[in-house]
Amino acid sequence: MDDRVDTKRRRFLTKVTVAAWAVGGTVAAFPFIRSMTPSERARAAGAPVAIDISRLEPGQMIKEEWRGKPVWIVRRTTEMLDKLMTLDDLLADPGSERSDQPAYAQNPHRSRMPEVLVMIGVCTHLGCSPVQNFAIGPASGLGDDWPGGFFCPCHGSKFDLSGRVYKNVPAPTNLVVPPYKFLNDTLILVGEDDGGTA
Ligand code: FES
């Protein structure tokens, strides 16, 4: 076969293949977007996210997502809340004066309702995701006096059960509290508060 004819034919086939792929990809994307639930579409767009905490027991944590970031919700026990009041000397910013949270969360429990903590699960050092370690003392593997909290495995930052950072670790500030409000006793809207949508 003539080389020029062969080259032309190959170019033509390449264009057809690319066009078919592009059309196929677009067609495939629409059913995917349509198949998302309303709340999934809201998440993808960064809209506020409603989170049901009706099954969250004291001492437990659930993980959700808002704007592509992990959102943690912890229902703290009375013992956990009591322990928070004893840690100030160990913390880098116990009053959350240098940290990022709405005004209603600038208190020792860093939340609207003392029992329920809402927080972004991203380390304020370099953005790793800390892990929860609610065990107390030796059982935690973090020392005999560990009162329960969060540990970042990347460079060793530690946070208490309000997300307040300990002294002498790489993370400079407490974990971020996003804007949120309660829609009722068991439904939290993350991404919006009385000041409007974040
Ligand atoms: S990213 Fe968490 S300690 Fe460095």
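Note that this is a predicted model, so its numbers are computed, not measured.

This part is about the overall build of the protein chain. Helix and strand counts for the protein chain come out as three helices and 11 strands. Put simply, the protein chain runs from its N terminus to its C terminus through helices and strands in the order α-α-β-β-β-α-β-β-β-β-β-β-β-β. Taking contacts inside the protein chain between residues at least 6 apart in sequence as the whole, the part at least 24 apart equals 52%.

Across the sheet, three strands lie side by side as 1-9-8; this open sheet has antiparallel pairing. Sheet topology places strand 1 (49-52) and strand 8 (180-184) at the edges, where each strand pairs with a single neighbour. The sheet shows a mean angle of 30° between the axes of neighbouring strands, taken without regard to direction. Looking at chain direction, strand 8 and strand 9 (residues 187-190) are connected through four bridges and run antiparallel. Looking across to strand 9, one finds that Tyr 180 is bridged to Val 190.

Strand order across the open sheet formed by three strands is 5-6-7, with antiparallel pairing between neighbours. In the strand order of this sheet, the two ends are held by strand 5 (131-133) and strand 7 (158-159), each with one partner. Pairing of strand 5 with strand 6 (residues 149-151), which is carried by three bridges, proceeds in the antiparallel orientation. Among the inter-strand pairings, Val 131 is bridged to a residue of strand 6, identified as Phe 151.

This brings us to the nonpolar core. Nonpolar side chains in soluble globular proteins tend to end up buried together. Judged by nonpolar contacts, the single largest core of 26 residues is most densely connected at Val 71, Ile 73, Val 118, Met 119, Ile 188 and Val 190. For this core, the secondary-structure elements that each account for two or more residues are strand 1, strand 3 (69-75), helix 3 (78-84), strand 4 (116-120) and strand 9. Residues within four places of Val 118 in sequence aside, it is in contact with Val 71, Ile 73, Ser 111, Val 177, Pro 178, Tyr 180, Ile 188 and Val 190.

In this section: the pairing of strand 4. Counting buried positions along strand 4 yields four of five residues, so the element is predominantly enclosed. Relative to strand 4, strand 3 runs antiparallel, the two sharing five bridges. Across the sheet, Trp 72 pairs through a bridge with Met 119, a residue of strand 4.

Here we come to the pairing of strand 9. Of the two faces of strand 9, only the one carrying Ile 188 and Val 190 is buried; Leu 187 and Leu 189 on the other face are not. Two elements, strand 1 and strand 9, share four bridges in a ladder whose sense is antiparallel. Within strand 9, the position partnered with Ala 50 by the bridge is Leu 189. Here strand 8 folds back onto strand 9, and the loop between the two strands holds two residues.

A few words now on the confidence of the model for the protein chain. Low pLDDT means the predicted coordinates in that region are not meant to be read closely. When pLDDT is averaged across the protein chain, the result is 86; 77% of the residues are at 70 or more. Taken together, the stretch residues 16-30 has pLDDT below 50 and engages in zero contacts with residues farther than four places along the chain or on a different chain.

Turning our attention to the environment of Ala 198. Of note, Ala 198 is situated in the segment after strand 11 (196-197). The sequence separation of Ala 198 and Pro 48 amounts to 150 residues, and the corresponding C-alpha distance is 8.1 Å. Ignoring anything within four residues of it in the chain, the contact list for Ala 198 reads Pro 178, Pro 179, Gly 191 and Glu 192.

Rules used in this analysis
- Residues numbered from 1 in each chain as written.
- Predicted model: local features only at pLDDT ≥ 70, side-chain atom pairs only at ≥ 80, totals over all residues.
- Helix = DSSP H or I, 4+ residues; strand = E, 2+ residues; numbered from the N terminus.
- Contact = placed C-beta atoms within 7 Å.
- Pairing = 2+ DSSP bridges.
- Axes fitted to C-alpha atoms, helices over the stretch in contact; angles between N-to-C directions.
- Core = buried A, V, L, I, M, F, W, Y, C linked by C-beta atoms within 7 Å.
- Buried ≥ 20, exposed ≤ 12 C-beta atoms within 10 Å, placed from the backbone.
- pLDDT = per-residue confidence, 0-100.

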